[in-house]
Amino acid sequence: MKRPTILVLGAGYGGLMTVTNLQKKLGVNEAEIVLINKNSYHYESTWLHEAAAGTLEPSEVRYDIKDVIDQSKVNFIQAEVTKIDVDEKVVLSTAGEHTYDYLVIALGFEGETFGIPGLEEHAFSIANVLAARRIRDHIEYQFSTWATEPEAERDDSRLTFVVGGAGFTGIEFLGELANQVPVWCDAYDVPREKVRVICVEAAPMVLPGFDPELVDYAVAQLESKGIEFSIGTPLVEATEEGVKIKTGEEEFKFIETKTVVWAAGVRGNRLIEETNIESARARVRVEPDLRAPGREDVFIVGDCAFMINEAENRPYPPTAQIAMQQGQQCAANIASLLAKKPTTAFVPDLKGSVCSLGSDDAIGVVFGKKVTGGTASFMKKMVDNRALFMVGGLGLTLKKGKFDLL
Ligand code: FAD
Ligand code: NAD
């Protein structure tokens, strides 16, 4: 009898956790597991801000998928998925056509531009490891170009860097940039006072909704390193010359810059929007067992899935923490279906959140307790190492882990 095919799309946190758990749960004869991912490697999305700011080599952020999968059980195909047809049960990719008995969509996030004019063309997004590398190279290029331009022709807007959004991504990126700017100033003989790093946030506070005491700490730390905040001033347009921000009812300000890093929110993968599955911002409101509504054979995990936290009556945030737990549950549910057993509802086990402010500082709420500084930073590294351990065990953790504060 033909083994059922489980087709997993995407080797981010959700997809890899699904596959590594499936390969533990299922014998070779029980199913054919196929994993498709654009690259031959997985990248740690949660470290992308470091690669983007130049504080971590992009190669450190990624590892080979073949190092963590059991190739006797998983057929890995490096290809880009181009179409998902859940009615015909077929997926198209640059490697051809793929059929399935169970499909797991784990294609992750994209930057959300909310239709703001000029952003698609003129802003960078910390969306994947190559995009992060490009941001780092672009910023460093601004330093080197400014430094080598004839003094009379120097364009100071090269040294103004705008970060759109003071959510977790924006703040973590600013934390890294605050540490890296002096390194570049030193390398290219650029006076520090010439460099401006401006964070533009639409909401009336940094990290909206987070603990105000911790937010004050973060802002004070970043300001002490020269980061400027423009709060309650939505970015409304980006052009080749800079960005327009709304400072009052009918008032606007223009900031001249050649670098806008847009970190003001995420959406699911646009391929979702081309399926017959209902979604909002390419995120699907999944059933409690992580299946797409009305689809017995389609699971969605990670940032493409949307779930409401009933206790707080608001959506769970799209995080790696949740994506990994969903991957575990998804694998368990597929194994149950193959064994003709009922599936189980996914219940997130949230341990807290920590926001880094560079490699040496952070803020967070962990198991209900507030943490700052070195303690928080240490915890963040432990969270990063734990994610490696959950996918690739001790070997991967020792190879790629962060141990500089231990
Ligand atoms: P992803 O990690 O985005 O993986 C998707 C995978 O699918 C990728 O491998 C991609 O290459 C692949 N893919 C995409 N399109 C295609 C295609 N067409 N064909 C083939 N393959 C494709 N969350 C936390 O919990 N803690 C943190 O500290 C944290 N820090 C973050 C820091 C930054 C800078 C950012 C941007 C996010 C952070 N997050 C954090 C959020 C977290 O990274 C995401 O929630 C998480 O990555 C979602 O996992 P995922 O598996 O859904 O998708
Ligand atoms: P977000 O949606 O959490 O924050 C986006 C920010 O951009 C908000 O503060 C919003 O007010 C602001 N914004 C929106 N439109 C704007 C505009 N026009 N002009 C200026 N500002 C604007 O997005 P994110 O920070 O990318 O985070 C995405 C997800 O990833 C979240 O779930 C987050 O929790 C998670 N994440 C977690 C960590 C961590 O745990 N350390 C780190 C990064 C991201």
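Our subject is the structure that appears above.
Residues numbered from 1 in each chain as written. Chains lettered and ligands numbered in written order. Predicted model: local features only at pLDDT ≥ 70, side-chain atom pairs only at ≥ 80, totals over all residues. Heavy atoms only, no water.

Enquirer: So what's going on with helix α5 (residues 168-188)? Residues and values would help.
Expert: Residues three or four positions apart in an α-helix share a direction because the helix packs 3.6 residues into each turn. The end-to-end C-alpha distance of α5 is 30 Å, a good match for the 30 Å that 21 residues give at a rise of 1.5 Å each. Where α5 terminates, the next one or two residues include D189, which has phi positive at roughly 55°. (Helix = DSSP H or I, 4+ residues; strand = E, 2+ residues; numbered from the N terminus. Expected span 1.5 Å × (residues − 1).)

Enquirer: Mind laying out the site of ligand 2, listing which residues take part and the relevant values?
Expert: Of all residues adjacent to ligand 2, which total 23 residues, the nearest are T169, E172, E201, L235 and V354. For ligand 2, an oxygen atom lies 3.0 Å from a polar atom in the backbone of T169. One nitrogen or oxygen atom from the side chain of E172 is found 3.0 Å from a nitrogen atom belonging to ligand 2. For ligand 2, whose unbound accessible area comes to 840 Å², protein coverage reaches 75%. Sort the elements by how many residues they give to the shell around ligand 2 and α5 lands first, with three residues. Split into classes, the residues belonging to the shell around ligand 2 amount to 15 nonpolar, five polar and three charged. (Near = heavy atom within 4 Å. Polar contact = N/O pair within 3.5 Å; in protein donor to acceptor, adjacent residues only side chain to side chain. Areas by Shrake-Rupley, 256 points an atom, 1.4 Å probe, with all protein chains shown as cover. Nonpolar A, V, L, I, M, F, W, Y, C, P; charged D, E, K, R; others polar.)

Enquirer: Help me get a handle on helix α1 (residues 13-25), residues and values and all.
Expert: Here α1 spans 18 Å end to end across 13 residues, near enough to the 18 Å set by a 1.5 Å rise per residue. Of all 13 residues in α1, 11 are buried, a share of seventy percent or more. Among the residues making up α1, those that are buried are Y13, G14, G15, L16, M17, T18, V19, T20, N21, L22 and Q23. (Buried < 20%, exposed > 50% of the residue type's maximum accessible area, 1.4 Å probe, protein only.)

Enquirer: Account for the sheet that holds strand β7 (residues 90-93), with residues named and values stated.
Expert: Spatially, three strands are ordered β6-β7-β8 in an open sheet, and the strand pairing comes out antiparallel. In this open sheet, the two strands that pair with only one neighbour each are β6 (81-85) and β8 (96-99). Taking the axes of each pair of neighbouring strands and ignoring which way they run, one obtains an average angle of 20° across the sheet. As paired elements, β6 and β7 share four bridges and run antiparallel to each other. Each residue of the ladder has a partner; that of V81, found in β7, is S93. (Pairing = 2+ DSSP bridges. Axes fitted to C-alpha atoms, helices over the stretch in contact; angles between N-to-C directions.)

From the geometry alone we can't say anything about function, so treat these as descriptive.
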